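Geometric and topological summary
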Amino acid sequence: MSEDIKKFLYVNRKAPYGTIYALESLEVVLIGAAFDQDVSLAFLDDGVFQLTRGQNTEGIGVKNFSPTFRALGDYEVTKLFVERESLEERGLSEADLQDVTYEDEDDDWAEKPSIRLVSRAEMADIMADQDVVLSF
Amino acid sequence: MSTLHTVNKSPFATQTLLSCLGHAKSGDAVLMIEDGVYGALSGTQLADVVGARGNELSLFVLGPDVAARGMEPGRLIEGIESVDYAGFVDLVAKHDRTQAWL
């Protein structure tokens, strides 16, 4: 990695449709992906609800942006850290989350999971390891 | 390496302050701003939780936000320091990164 690549973390702590935060975050991630930085996404607190399977927004007249997470791999955004305690507090497990994968160009384009469950302590370490933290 | 955390929500309305305290690391600073300053009040349900982190974290409030809400400085949890806007800037400059808890 060259010297001018910085570590960016996008922190997602809001559920997807009650406010505009989640969609705005995803938009900024996609814009930021054009700048060749080392990007990670963190999902904690209500942010874990953004990644649940089976979202259907037809009845509320807003865009279901959850499939967009599955496109992030094409923009080399392949690290989606999800906090295990936040899932458990909300009665969720990894099985309730959609499958998000990327193709690893360094491993013959093998398909690998982008979602990585981490503990709260590991999440704190990830946050402390960044150059820039953007909160949503 | 350390982080300045800002919290701008009342801890009686959201889990924001608790989540921040649950992720802040020893040597970090937490600055309560806007409605976040209610988290600095003594005698509340949360005062012990907040005060207990005072040993390893530096806790601050933004003074103008405290004054705006009519909170007497004497009502703040012991050890929490009040800063003005210039002090806020100094805190940002002093730490390696700033993380906003919204």
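Below is a summary of the structure that appears in this document. As the structure is a prediction and not an experimental result, all values here were calculated from the model. (Residues numbered from 1 in each chain as written. Chains lettered and ligands numbered in written order. Predicted model: local features only at pLDDT ≥ 70, side-chain atom pairs only at ≥ 80, totals over all residues.)

1. Regarding the overall build of chain A
Each helix and strand in chain A was counted, giving three helices and seven strands. Written out in order from the N terminus, the α and β elements of chain A read β-α-β-β-α-β-β-β-α-β. The C-alpha atoms of chain A give a radius of gyration of 15 Å, which matches the 14 Å a tight globule of 136 residues would have. Looking at chain A as a whole, 34% of its 136 residues are labelled buried. Put simply, 76% of the contacts in chain A that link residues at least 6 apart link residues at least 24 apart. (Helix = DSSP H or I, 4+ residues; strand = E, 2+ residues; numbered from the N terminus. Rg over C-alpha atoms; globule rule 2.2 N^0.38 Å. Buried ≥ 20, exposed ≤ 12 C-beta atoms within 10 Å, placed from the backbone. Contact = placed C-beta atoms within 7 Å.)

2. Quick notes on the overall build of chain B
Counting its secondary structure elements, chain B contains four helices and five strands. Against the 2.2 N^0.38 benchmark of 13 Å for 102 residues, chain B shows a C-alpha radius of gyration of 12 Å, consistent with a compact globule. In terms of principal-axis extent, the alpha carbons of chain B reach across some 35 × 25 × 25 Å. Here chain B holds 102 residues, and the buried ones make up 37% of them. Here the contacts in chain B between residues at least 6 apart in sequence split such that 70% fall between residues at least 24 apart.

3. Considerations on the nonpolar core
Among soluble globular proteins, nonpolar side chains are generally buried collectively. Formed by 30 residues in total, the largest nonpolar core has its most connected members in L9(A), Y10(A), L41(A), A42(A), F43(A), F81(A) and V82(A). Those elements giving two or more residues to this core turn out to be β1 (7-12), α1 (21-32), β2 (38-43), β3 (80-83) and α3 (120-128) of chain A. Ignoring sequence-local partners within four residues, the contact set of Y10(A) consists of S25(A), V28(A), V29(A), L41(A), A42(A), L134(A) and F136(A). One finds L31(B), F60(B), L76(B) and W101(B) within the second-largest nonpolar core, a separate group that totals 25 residues. (Core = buried A, V, L, I, M, F, W, Y, C linked by C-beta atoms within 7 Å.)

4. Remarks on the environment of P113(A)
Residue and element names in this part refer to chain A. In this structure, P113 sits in strand β5 (residues 110-113). Sequence separation between P113 and E103 is ten residues, and the spatial gap between their C-alpha atoms is 8.9 Å. Sequence-distant contacts of P113, that is, excluding residues within four places in its chain, are made with V100 and T101.

5. Concerning the sheet that holds strand β6 (residues 115-118) of chain A
Residues and elements named next belong to chain A. If you trace the five strands from one edge of the open sheet to the other, you get β6-β3-β2-β1-β7, paired in parallel fashion. Edge positions in the sheet fall to β6 and β7 (132-135), since each has one partner strand and no second. On average, each strand axis in the sheet is inclined to that of its neighbour by 25 degrees, with strand direction left out of account. In the sheet, β3 pairs with β6 via four bridges, with the strands oriented parallel. From the neighbouring strand, E83 faces β6, where its bridge partner is V118. Along the sheet, α1 makes contact with β1, β2 and β7, crossing β1 at roughly 165 degrees. The strands that α3 touches are β1, β2, β3, β6 and β7; relative to β3, the one it contacts most, it runs at about 140 degrees. (Pairing = 2+ DSSP bridges. Axes fitted to C-alpha atoms, helices over the stretch in contact; angles between N-to-C directions.)

6. A short note on α1(A)
The end-to-end C-alpha distance of α1(A), which contains twelve residues, comes to 16 Å, matching closely the 16 Å that a straight helix rising 1.5 Å per residue would cover. In the core, the buried residues of α1(A) are packed alongside β1 and β2 of chain A. (Expected span 1.5 Å × (residues − 1).)

7. Considerations on the interface of chain B and chain A
Taken residue by residue, the interface counts twelve residues in chain B and 13 residues in chain A. Listing elements by their share of the side of chain B that touches chain A, those giving two or more residues are α1 (16-23) and β5 (97-101) of chain B. Ranked by residue count, the leading element in the side of chain B that touches chain A is β5(B), at four residues. Of the residues belonging to the side of chain B that touches chain A, the class tally is four nonpolar, six polar and two charged. (Nonpolar A, V, L, I, M, F, W, Y, C, P; charged D, E, K, R; others polar.)

8. Thoughts on the environment of G43(B)
Secondary-structure assignment places G43(B) in the loop between β2 (29-32) and α2 (47-52). Distance from G43(B) to R75(B), taken between C-alpha atoms, is 8.2 Å for residues 32 residues apart in sequence.

9. Some points on the pairing of strand β1 (residues 3-7) of chain B
Residue and element names in this part refer to chain B. Across the five residues that make up β1, a large majority, five, are buried. Residue alternation in β1 divides its side chains into two sets, T3, H5 and V7 and L4 and T6, and both sets are buried. Taken together, β1, α1 and β2 constitute a β-α-β crossover, and its handedness is right-handed. (Right-handed = clockwise from strand over helix to strand, strands pointing away.)

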